[in-house]
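Topology and contacts: notes
These are the residues of each chain, in order.
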Amino acid sequence: MSLLVQGQPPPEGGEGEREGEQKDDKKQKDKENKAYAKKMVLRLAGLMGLGGAVGMVYVFGSNSVDEQGNMVKPPVVQQLKRTYKYFKDYRQMIIEPTSPKLLPDPLKEPYYQPPYTLVLELTDVLLHPEWSLSTGWRFKKRPGIDYLFQQLAPLYEIVIFTAETGMTAYPLIDSIDPQGFVMYRLFRDATHYMEGHHVKDVSCLNRDTSKVIVVDCKREAFSLQPFNGMALKKWDGNSEDRTLYDLANFLKTIALSGVDDVRTVLENYALEDDPIDAFKRRQAQLAQEEEQRLAELSQQKKQGLSLGTIASRFWRSKQQ
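Note that the structure is predicted; figures quoted are calculated from it, not measured.

1. Some points on the confidence of the model for the protein chain
In the predicted model, the protein chain carries a mean pLDDT of 82, and the fraction of residues at 70 or more is 73%. By mean pLDDT, the top-scoring element of the protein chain is strand β1 (residues 116-120) (98), and the lowest-scoring one is helix α2 (residues 76-95) (54). The model gives residues 1-5 a pLDDT under 50, and that stretch makes zero contacts with residues more than four places away or in other chains.

Pasting the structure below:
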């Protein structure tokens, strides 16, 4: 048996081992405390979720009344069914348009009904949203809106159909259309919600689909009828932009040409990244071809006149 003599140092490593054991015990206690805290938080969240679910079933499933108008206390199963139906109807209201006929019937004589219908998106087509710390959200008006409305109002029934909510869009439309060229306004609740996109169904507009043109900056917006739409480039707020002037000329050309089915025209621009730029290129090419044709016709007329002059002179000299 070995004894420690007074004043003799302890064996090496003894005190260090105790400190290490104390640290390990502290770490273990910390882990246990964290695990306990997580467990309590999960239990509390579970209780709150269960309480919320019970509350929703009570609120949304206990709203039936009898013939005398007294509240009925139905069995729990019926409450669950009613709650499920409530949320199913609410989900359907978000996904589906508010009505299968979004616009009223076309105007009858003696009122004037334009032959074509133009459906315009608001955000990034007519207006550009901008945010700053000092002003918050503001919407910038795109150059050419007034020109677009004035040029197309006699030829098109102008409808603004936007993915924005009515509360946001209604005052904005009032601000850009003080003269009332826009005949109808449709908002987010009139769209289909499909795969994360608000889709505008042309078949729900209560109009001849062969006479409807949708202008948007997202192809998904008219994915149900891809040849009824034009996807413009998203406007970035540039004040020098001329797109709406060119768009007005494009749509005016369609209307004045009396196109029977606009889809036959828009199909030619379906794969273009910038359909307006493609239209301008084709117009320039047509103008060049027409100029060349007129030049050739003028040359042929000149040649015909010169031959006629020679023949007439020859005839006169022969008679003399």
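The discussion continues.
2. Here's the deal with the packing of aromatic side chains
For the structure shown, the criterion picks out six aromatic pairs. Seen in terms of ring centroids, Phe149 and Phe181 are 6.4 Å apart; in terms of plane orientation they differ by 50°. Their pairing is tilted. In this pair, Phe149 sits in helix α3 (residues 145-152) while Phe181 sits in the loop between α4 (166-176) and β5 (184-186), placing the two residues 32 residues apart along the sequence. For Phe181, a relative accessible area of 23% puts it in the partly exposed group. Relative to Tyr269, the ring of Phe250 has its centre 5.3 Å away and its plane inclined at 80°; by these criteria the two rings are edge-to-face. Pair noted here: Phe250 is in helix α5 (residues 243-256) and Tyr269 is in the loop between α6 (262-266) and α7 (275-319), with a separation of 19 residues, a long-range link. For the residue pair Phe250 and Tyr269, the accessibility class agrees, reading buried in each case.

3. Focus on the pattern of salt bridges
The full count for this structure, using the stated rule, is 13 salt bridges. One salt bridge connects Asp105 with Lys101, and the closest N-O pair in it is separated by 3.3 Å. Looking at Lys101, the relative accessible area reads 48%, which means it is partly exposed. The salt bridge involving Glu157 is made with Arg207; its shortest N-O contact spans 2.8 Å. You can see Glu157 sitting in strand β4 (residues 156-161) and its partner Arg207 sitting in the loop between β7 (197-199) and β8 (212-216), a full 50 residues away along the chain.

Conventions and cut-offs
Residues numbered from 1 in each chain as written. Predicted model: local features only at pLDDT ≥ 70, side-chain atom pairs only at ≥ 80, totals over all residues. Heavy atoms only, no water. pLDDT = per-residue confidence, 0-100. Helix = DSSP H or I, 4+ residues; strand = E, 2+ residues; numbered from the N terminus. Contact = heavy atoms within 4.5 Å. Phe/Tyr/Trp six-rings, centres within 6.5 Å; stacked < 30°, edge-to-face > 60°. Buried < 20%, exposed > 50% of the residue type's maximum accessible area, 1.4 Å probe, protein only. Salt bridge = Lys/Arg side-chain N within 4 Å of Asp/Glu carboxyl O.

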